[in-house]
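An overview of the molecular structure
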Amino acid sequence: RNSVTGKIFPLCSCNTAKHFHDHLDACEINKLDCLMRSLSLSSVGRFRQILAVDENLHFFRRAWAIVEVVEGWKLQMDQVFIIRDESVIPASKAA
């Protein structure tokens, strides 16, 4: 359920069982940080994060994307942002 609108998220029509927060061990939601940590630790120095940013910068409006960026930073991973059109990035106002 969307925590803001209260609407139920649409599910795919496949026959695979769906698991949510009522079955935490089987739930596939909110495990991205654990997955990144595991991958990073299993391949120290060889695992890096490449982040593709859309031309409208909607990437930065997605909670999961921000979690992924922060987790990569916390793990001190090499992070590469690929931006289709760099002209959409606002100029810095810092002097």
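These notes cover the structure that comes with them. Keep in mind the model is a prediction, meaning the values are calculated, not measured.

Looking at where Gln 49 falls in the secondary structure, it is placed in strand S1 (residues 48-53). Within the structure, the side chain of Gln 49 is placed 2.9 Å from the backbone oxygen of Glu 68, a separation counted as a polar contact. Apart from the residues within four sequence positions on either side, Gln 49 is in contact with Met 36, Glu 68, Val 69, Gly 72, Met 77, Asp 78, Gln 79 and Val 80.

On to unusual backbone geometry. Here Leu 57, not a glycine, exhibits a phi torsion of approximately 60°, which is positive. Taking the relative accessible area as the measure of exposure, Leu 57 reaches 22% and is therefore partly exposed. We note that Gln 76 has phi near 55°; this positive angle belongs to a residue other than glycine.

Residues Leu 51, Val 53, Phe 59, Ala 65 and Val 69 constitute the largest nonpolar core, which totals 5 residues. Of all elements in the fold, only S1 and helix H2 (63-74) reach the threshold of two or more residues within this core.

Following the criterion strictly, the structure yields 3 aromatic pairs and no others. Taken together, a centroid distance of 5.1 Å and an interplanar angle of 80° make the contact between Phe 59 and Phe 60 edge-to-face. Note on Phe 59: relative accessible area 6%, which makes it buried. Centre to centre, the rings of Phe 59 and Phe 81 are 6.5 Å apart; their planes meet at 85°, and the pair counts as edge-to-face. Here Phe 59, found in the loop between S1 and H2, pairs with Phe 81, found in strand S2 (residues 78-83); they are 22 residues apart in sequence, far enough to count as distant.

The rules we used
In every chain, residue numbers begin from 1 and rise along the written sequence. Restriction of local features to residues with pLDDT of at least 70 applies here, the model being predicted, together with a cutoff of 80 or more for giving and counting side-chain atom pairs; totals for whole chains, interfaces and linings are based on all residues. Side-chain metrics in this entry use all non-hydrogen atoms of the structure; hydrogen atoms and water are not considered. Helix and strand definitions follow DSSP, with helices as H or I runs of at least four residues and strands as E runs of at least two, each counted in order from the N terminus. We define a polar contact as two N or O atoms separated by no more than 3.5 Å, with the added condition that, inside protein, one atom must be a possible hydrogen donor and the other a possible acceptor, whereas residues neighbouring each other in sequence contribute only through side-chain atom pairs. Contacts are assigned to residue pairs that have any heavy atoms within 4.5 Å of one another. Accessible area is worked out with a 1.4 Å probe on protein chains only. A residue is then buried under 20% of its type maximum, exposed over 50%, and partly exposed in between. As used here, the term nonpolar core means buried Ala, Val, Leu, Ile, Met, Phe, Trp, Tyr and Cys residues forming a set that is joined through side-chain atoms within 4.5 Å. Note on aromatic pairs: the rings of Phe, Tyr and Trp (six-membered ring only in Trp) are paired at centre separations within 6.5 Å, and the planes decide the class, stacked below 30 degrees, edge-to-face beyond 60, tilted for the rest.

Honestly, that's just the spatial picture; any functional story needs more than this.
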